[in-house]
Structures are given as C-alpha cells and as structure tokens.
Amino acid sequence: SPRLECSGTAITLFQSPEEGWQLYTSAQAPDGKCICTAVIPAQSTCSRDGRSRELRQLMEKVQNVSQSMEVLELRTYRDLQYVRGMETLMRSLDARLRAADGSLSAKSFQELKDRMTELLPLSSVLEQYKADTRTIVRLREEVRNLSGSLAAIQEEMGAYGYEDLQQRVMALEARLHACAQKLGCGKLTGVSNPITVRAMGSRFGSWMTDTMAPSADSRVWYMDGYYKGRRVLEFRTLGDFIKGQNFIQHLLPQPWAGTGHVVYNGSLFYNKYQSNVVVKYHFRSRSVLVQRSLPGAGYNNTFPYSWGGFSDMDFMVDESGLWAVYTTNQNAGNIVVSRLDPHTLEVMRSWDTGYPKRSAGEAFMICGVLYVTNSHLAGAKVYFAYFTNTSSYEYTDVPFHNQYSHISMLDYNPRERALYTWNNGHQVLYNVTLFHVISTSGDP
C-alpha cells in the first residue's frame, strides 16, 4: 500500500464513478505515525443510504410522469376544443329539428334529419372524451399526492412504505401510458398547408424541438448539412429561432451522418458519420451518455432515402417512444422499424415493412405507425403506412403541399402534433389531422 505523508491534504482512495473515501491527516504521533481522519462518502453501501438513492430515483420518475402529463394535456387540447364545438353543433341541429314543426319543406326537413342522423354516433365519442378529461384530472391529483409522499419520506431520510410507493409509481406509469395511447392517437387522414418558419442554411439539414419537454421549454435545435457536421445551435425559443438570436452552440464529439436526428428528453440521438453507431448526446452535461451499433444497419449511403444524403438511419419519436428506421442486407433493402430503449439504445423489437427504402422519399412515425412518402420532390404524398401493432400495411393517398420541391427531413413531434420539415433550405411546419377511434372498454 502507498506510504502516507502527514501533509494535511486529502487523499482519495477506492475511487468510484460517484465518490471515493477520503483520508485527512490531522496530527502526527510521537513515534512518527500519522493519525488520520477518514471521511466516508455520502453514497455509502448502508441499506438506508441505498434506499435514499432509490427514493431519489423514484422522485425523478414521478417528475417524468408529471412532464408526460403536461405533454398529454398539450397534445389533446385542440381535440377537446373541437369536441366541445361538435357538441354545440349537435345541440343546435337538434333544436332546429324540434322547432321546425312543419315550417320546412319536406326536402329540407329530410336533409336536416339525415345530417342529424350522421352526427348521432358522435354522442358516445363526446361522452367518452368527457370521461377521459376526468381521468386526466384524477391522474394529475395522484401525481401530486405521490410527489408529496415521496418528498416527506425523503426529508425524514427513511424508507418506510418504499415498496408500496414503488408499486404506486409503476401502476401510475402504466395508466398514464395507456391513457396517452387512448387519447392522443389516431390514423393520419390529412396534412395542412405548409407554414414556413424560416429560410436558413443549405439545401439539406434538420431542425427540431424536444418531444418530451414541458410547455415552458420551447427551445429549438438547428443542424445544417447532411454529413461531417458537428455544430448544433440551440435557440432559446421559436421566436428567437425565427429572428436568429439568443442561441448557444454545441460541438459534438463525433460528426453526424444524414438528417434523421431527434431530440428526446434532453438528449440528441444521431448517426455517427461513416458507421452504424447511434450516439446519445446529452445537452446539459455536453457529453455522450451512450453509443451503440445498430446490428446489421446499412450506412454511408448504402440504403438511403431516394434523395441520398447519407440518410441510411432515421431516428423518430412518437407517442410511444424512440424509433430507428433503417434497413439491412438481410432485409433486402426493405425498411426496418425498430423500437429502441432510450437509455441503453438496445433494440427492443423490430419489424420488416417490406417497403424498399431507396423508393421512399422520407418517413415519420405517428402512434406506432410508420408513414412513408413516395417522393421527396414536388407532388409527393403519404403513400404507405405500416402498423406495428398488427404487423400489417396499407397503401394510402394523403397529399401535402411540397412548397419548395425538395424535402430532406420530415419528422413528427407528438407534443405539438406537427410535422417538422427541412425543404430546400426552408424550415417548414405542417399540422396533421388524425382520425380517432376511441375504445370505451375500461378506464385507463
């Protein structure tokens, strides 16, 4: 073992990634021996400290649930407003029908009656939306109560009731996920006219917001170019992005390939240049948290979209989590969709869509469904949909206005229910219309 000098300085032993033991010399005995004081690290192996650490982790999970609740409310707000409007329309039509009492012609009366008959099925949907709203309120109250209980226990530095709290957190997470799937999801039926946010940068690039950020966080990330780039600009708000002001710069440790990057829960997920490696870069710590090869994935323009640009690997986030879209030699160049664990980047499950990636213009995920455009040029439309929940597909015909005639990035943001697009040097937004099929069996 090393000889200790009585110098009054701290010597760190048994260094760990978290915190090591520290020895402080305090005096020297007559025989020349050092009399030392040992300071045990705060994160010790005691069961009580272990429970304290677990409680902190539970607190973080509850905070994540709170953020997810906020995202869920933002995403469904417009739908609820629309439903309330439909309810008013139904009542108005019903009142007109009752008041008509022979004052309308037979044809007009029949048309009004037919319109009312068409709207009648909406009654059950309206009632279900009201019930779902009450569910959100109950979930929010449960999150608030759970946060208070955890805070009180953490303050006492004890672990009483930990197992019960853990079960409550897990049950609440499951209910929240089920509620999000039920309220926020639907089948794509329409894409709005484009909204040009800004014209900036080269022909190819990507821009995005964090799909999991709370409403107060409206930062925008901007990445110009499709290969060898390392510079990411972070703008404080969308308004600042439009004006080109109030931004900071991140310099990635490894360059990127393609434009299929995504920001999810404070981290950037991207494809490392000239490799099939997925990189998770954390903005706050300015460090790479994890990187992992995607097994068998093509790279370096082996299996890009039809526009090329090293777009072999495309990362996406929808209501159910993080996805990777790519292809392999084993899949004969057909698009593969994989669910990724956002913490480890391990593949949780994969699907072979059967659609040739080189024939696809771009693609995006909504509610576990991969939507593929038939071109990146003028006249493009959403042409193909693959449903991961049933492992089935169908051909679609959803047109959208490709205003600048060359799309090199197309991604869905579930928080805002909008498509982010990089179109020939223009940053463009599209709103989407989803057809909701609401299940009335059981409470989420």
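Here's a quick rundown of the structure. In this text the structure is predicted, and so the values were computed from the model without any measurement.

Quick word on the overall build of the chain
From N to C terminus, the chain includes 5 helices and 24 strands. Split into buried and exposed, the 444 residues of the chain put 47% on the buried side. Across the chain, contacts joining residues at least 24 apart in sequence account for 54% of those joining residues at least 6 apart.

Thoughts on the nonpolar core
Judged by nonpolar contacts, the single largest core of 22 residues is most densely connected at L188, F364, I366, Y371 and L419. Only β4 (187-191), β18 (363-366), β19 (369-373), β20 (381-387), β22 (407-413) and β24 (426-435) provide two or more residues apiece to this core. In this structure L188 touches F364, I366, Y371, V382, V398, V432, T433 and L434, once residues within four positions along its chain are discounted.

Details of empty space enclosed by the protein
The tally for this structure, following the rule as stated, stands at 3 cavities of 30 Å³ or more. Size it by volume and the largest cavity reaches roughly 80 Å³. M208, T209, T211, H261, V262, V263, D411, Y412, N413 and Y420 together form the lining of the largest cavity. When residues of the lining of the largest cavity are traced back to their parent elements, those giving at least two are β10 (256-264) and β22.

Thoughts on the state of the cysteines
Under the definition given, this model contains 1 disulfide. Here C185 engages in a disulfide with C367; their sulfurs sit 2.5 Å apart. Here the S-S torsion is close to -100°, and the disulfide linking C185 with C367 is therefore left-handed. Of this pair, C185 sits in the loop between α4 (162-184) and β4 while C367 sits in the loop between β18 and β19, placing them 182 residues apart in sequence. Comparing C185 with C367 shows no difference in burial state: the two are buried.

Digging into the environment of W323
Checked against the element boundaries, W323 lands in strand β15 (residues 321-326). Separated by 42 residues in sequence, W323 and M365 place their C-alpha atoms 8.1 Å apart. Not counting residues within four places of it along the chain, the set of residues in contact with W323 comprises D314, F315, M316, D318, V337, S338, R339, W351, M365, G368 and T388.

Rules used throughout
- Residues numbered from 1 in each chain as written.
- Predicted model: local features only at pLDDT ≥ 70, side-chain atom pairs only at ≥ 80, totals over all residues.
- Heavy atoms only, no water.
- Helix = DSSP H or I, 4+ residues; strand = E, 2+ residues; numbered from the N terminus.
- Buried < 20%, exposed > 50% of the residue type's maximum accessible area, 1.4 Å probe, protein only.
- Contact = heavy atoms within 4.5 Å.
- Core = buried A, V, L, I, M, F, W, Y, C linked by side-chain atoms within 4.5 Å.
- 1 Å grid on protein atoms, 1.4 Å probe; cavity = no way out; pocket = protein on both sides within 12 Å on 5 of 7 lines; lining within 4 Å.
- Points joined across faces, edges and corners; volume = space filled by probe spheres on them.
- Disulfide = S-S within 2.5 Å.

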